[in-house]
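Residue-level structural notes
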Amino acid sequence: MMASSMLFKIALIGFLALATASKKEAPPADESSDSTASTGSAGSNSFDVTKFSASTSGSASANTKAFLDAFKAACKVKGQSTILVPKGTFKLGQITFEGPCQGSHITFDIQGTLEAPADAKEIPGNAWIEFDSLHEMVVKGGGILDGKGQSSWPLETHDKPISMRFAKCVVGSISDISIKDSKFFHMALHHSQGLIFENIKLSAPGDSKNTDGIHLSASSNITINNVDIGTGDDCISIGPGTNNVKISGVKCGPGHGISIGSLGKYKGEENVANIHVSGCTINGATNGVRIKSWPGSAASQASNIVFEDITMTNVSYPIIIDQKYCPNGECTTHAPSQVKISDVTFKGIKGTSNTPIAVKLDCSENSPCQNVKLQDISLKPMASVDEITSLCTNVHGDVSGTQSPDPCLGANAGKSTSSGSAPPGKKS
């Protein structure tokens, strides 16, 4: 976490130095001073949305205009600027903060509560709140985003808005905010790089459909630290084209665990690689750590994936690779998946399983999983389960260290081991 923060600071200094150099060459402009004066505090680069007529008693449309006006003013500042949302509850319609901005750094200081329209039809587009093409952005403040998703969860459609979306954003920090009851995903990243997420809480009831905590697609160099997620779907889902992701200290549950995928649903998907998940807890989830791909998928790859030091409590299928993923019977074919999964390590996974199959590695018959490693697996059955087992299909790999349940990989298949030394057939 300290290393990630240091990298962010180094990147920020570089961007600021570049902005300063370019500023010396730019012709004089009075837009910045005019915009600053409009805040009511000359000389300040802080833009309070209430100075632009946002109000806790205002309508969603009026507040949306005020927020946009504040953003436009801040975006003109040739340097650092801040948009302040003070304490209080503000109704807010669909809004896009679209860059690039003239300055090198813009902060969204959200101290209050933002409420979305209850009806999803009042939010056109992909997201309720979207950050687009911004560099060196910061979102913070301790505020709450209320997605008002209750009426959307029963709808059998994916055409619902994400609460907060980052598109084509490069280098930034998102911290100390909460999002609850989203209509669809709580947060999503698309074509973004170098973002750090930490100290965030995302929550929705366990029966709220498709309310993933954080979904990543086509993004790279992403860090997620100390995030508390309990929703009706994946706590974190990592989609096609995503690489170089570090996830640590996540508290997950309820929900569907931490997932790579789903992959292979669409043609032309890009590969997933270099994903590291560590030091997380998963409680009461319907899956633990998972890789999932659709049957009959077009060819792609998922490789160099590590799940380590994960504690499970009352989890279904704590360790799972599922290449026959077919939720709600949505599959158009049952042909084998063409997603090639390789170089996957499950290490230091411990806790309790509420399903008889605690380790399920169900890979494609056309593209068997390669180099899958189980190291120091210590899972136990819940009181409601007599015993737990492993199931392996079309997978090549090996085991080391403690193995409970009995492993289904390598030379020790069917044998529990403790530090690699337990005699055959004896449970550790």
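Residues numbered from 1 in each chain as written. Predicted model: local features only at pLDDT ≥ 70, side-chain atom pairs only at ≥ 80, totals over all residues. Heavy atoms only, no water.

1. Focus on the environment of Phe108
- Residue position: Phe108 is located in strand S5 (residues 105–110).
- Note: C-alpha distance between Phe108 and Phe71 (37 residues apart in sequence) is 9.2 Å.
- Filtering out sequence-adjacent residues up to four positions away, Phe108 remains in contact with Phe71, Ile83, Phe97, Phe131, Leu134, Val138, Val139 and Lys140. (Helix = DSSP H or I, 4+ residues; strand = E, 2+ residues; numbered from the N terminus. Contact = heavy atoms within 4.5 Å.)

2. Some remarks on empty space enclosed by the protein
- Within this structure, the stated rule accounts for two cavities of 30 Å³ or more.
- Of the volumes computed, that of the largest cavity is approximately 100 Å³.
- If you go around the largest cavity, you meet 13 residues; those closest to its centre are Phe67, Val85, Phe97, Phe108 and Ile110.
- Looking at the lining of the largest cavity, the elements with two or more residues in it are strand S2 (80–85), strand S4 (95–98), S5 and strand S7 (127–132).
- Ranked by residue count, the leading element in the lining of the largest cavity is S5, at three residues.
- Grouping the amino acids of the lining of the largest cavity by side-chain chemistry returns twelve nonpolar, no polar and one charged.
- Volume-wise, the second largest cavity comes out at about 30 Å³.
- Around the second largest cavity, the lining residues are Ala116, Ile123, Trp128, Gly147, Pro161, Ile162, Ser163, Ser182 and Lys183.
- Split by residue class, the lining of the second largest cavity holds five nonpolar, three polar and one charged. (1 Å grid on protein atoms, 1.4 Å probe; cavity = no way out; pocket = protein on both sides within 12 Å on 5 of 7 lines; lining within 4 Å. Points joined across faces, edges and corners; volume = space filled by probe spheres on them. Nonpolar A, V, L, I, M, F, W, Y, C, P; charged D, E, K, R; others polar.)

3. Focus: the pairing of strand S20 (residues 258–263)
- Most of S20 sits out of view: five of its six residues are buried.
- Inspection of the sheet shows strand S17 (residues 236–238) paired to S20 by three bridges, in the parallel sense. Its bridge partner being in S20, Ser237 is matched across the sheet by Ser259.
- Sheet analysis places S20 next to strand S22 (residues 289–293), joined by four bridges and oriented parallel. Pairing of Ile258 across the sheet is with Val289, part of S22. (Buried < 20%, exposed > 50% of the residue type's maximum accessible area, 1.4 Å probe, protein only. Pairing = 2+ DSSP bridges.)

4. Re the layout of surface pockets
- Computed from the structure, the largest pocket encloses a volume of approximately 1200 Å³.
- When residues in the lining of the largest pocket are grouped by element, the largest group, three residues, is from strand S13 (residues 187–190).
- By residue class, the composition of the lining of the largest pocket is eleven nonpolar, 16 polar and 14 charged.

5. Some remarks on the pattern of salt bridges
- Under the counting rule described, the total for this entry stands at ten salt bridges.
- The closest approach of N and O atoms between Asp234 and Arg290, which form a salt bridge, is 2.9 Å. A residue pair is termed long-range when its members are at least 10 positions apart, and Asp234 in the loop between strand S16 (220–230) and S17 and Arg290 in strand S22 qualify at 56 residues. Considered together, Asp234 and Arg290 belong to a single accessibility category, that of buried residues.
- The salt bridge involving Lys292 is made with Asp234; its shortest N-O contact spans 3.0 Å. Taken as a pair, Lys292 in strand S22 and Asp234 in the loop between S16 and S17 lie far apart in primary sequence, 58 residues in all. Like Asp234, Lys292 is buried.
- Here the salt bridges do not stand alone but share partners, grouping Glu115, Asp146 and Lys148 into one network. (Salt bridge = Lys/Arg side-chain N within 4 Å of Asp/Glu carboxyl O.)

6. What to know about the nonpolar core
- Among the nonpolar cores identified, the biggest contains 95 residues, and Phe131 and Phe346 are the most heavily contacted of them.
- For this core, the element with the highest residue contribution is helix H3 (residues 60–75), accounting for seven residues.
- Not counting the four nearest positions on each side in its chain, Phe131 is found in contact with Phe97, Phe108, Met137, Val139, Met164, Arg165, Phe166, Ala167 and Cys169.
- Ile162, Phe184, Phe185 and Ala188 belong to the second largest nonpolar core, which has five residues in total. (Core = buried A, V, L, I, M, F, W, Y, C linked by side-chain atoms within 4.5 Å.)

7. Points about the UniProt feature "active site" (unreviewed entry) in the protein
- As recorded in UniProt, the feature "active site" (unreviewed entry) lies at His256.
- Mapped onto the elements, His256 comes out in the loop between strand S19 (251–252) and S20.
- Owing to a relative accessible area of 25%, His256 belongs among the partly exposed residues under this scheme.
- With residues up to four places along the chain from it excluded, the contact list for His256 reads Gly232, Asp233, Asp234, Ala285, Thr286, Asn287, Gly288 and Arg290. (UniProt positions renumbered as here; feature names shortened; annotations may be inferred.)

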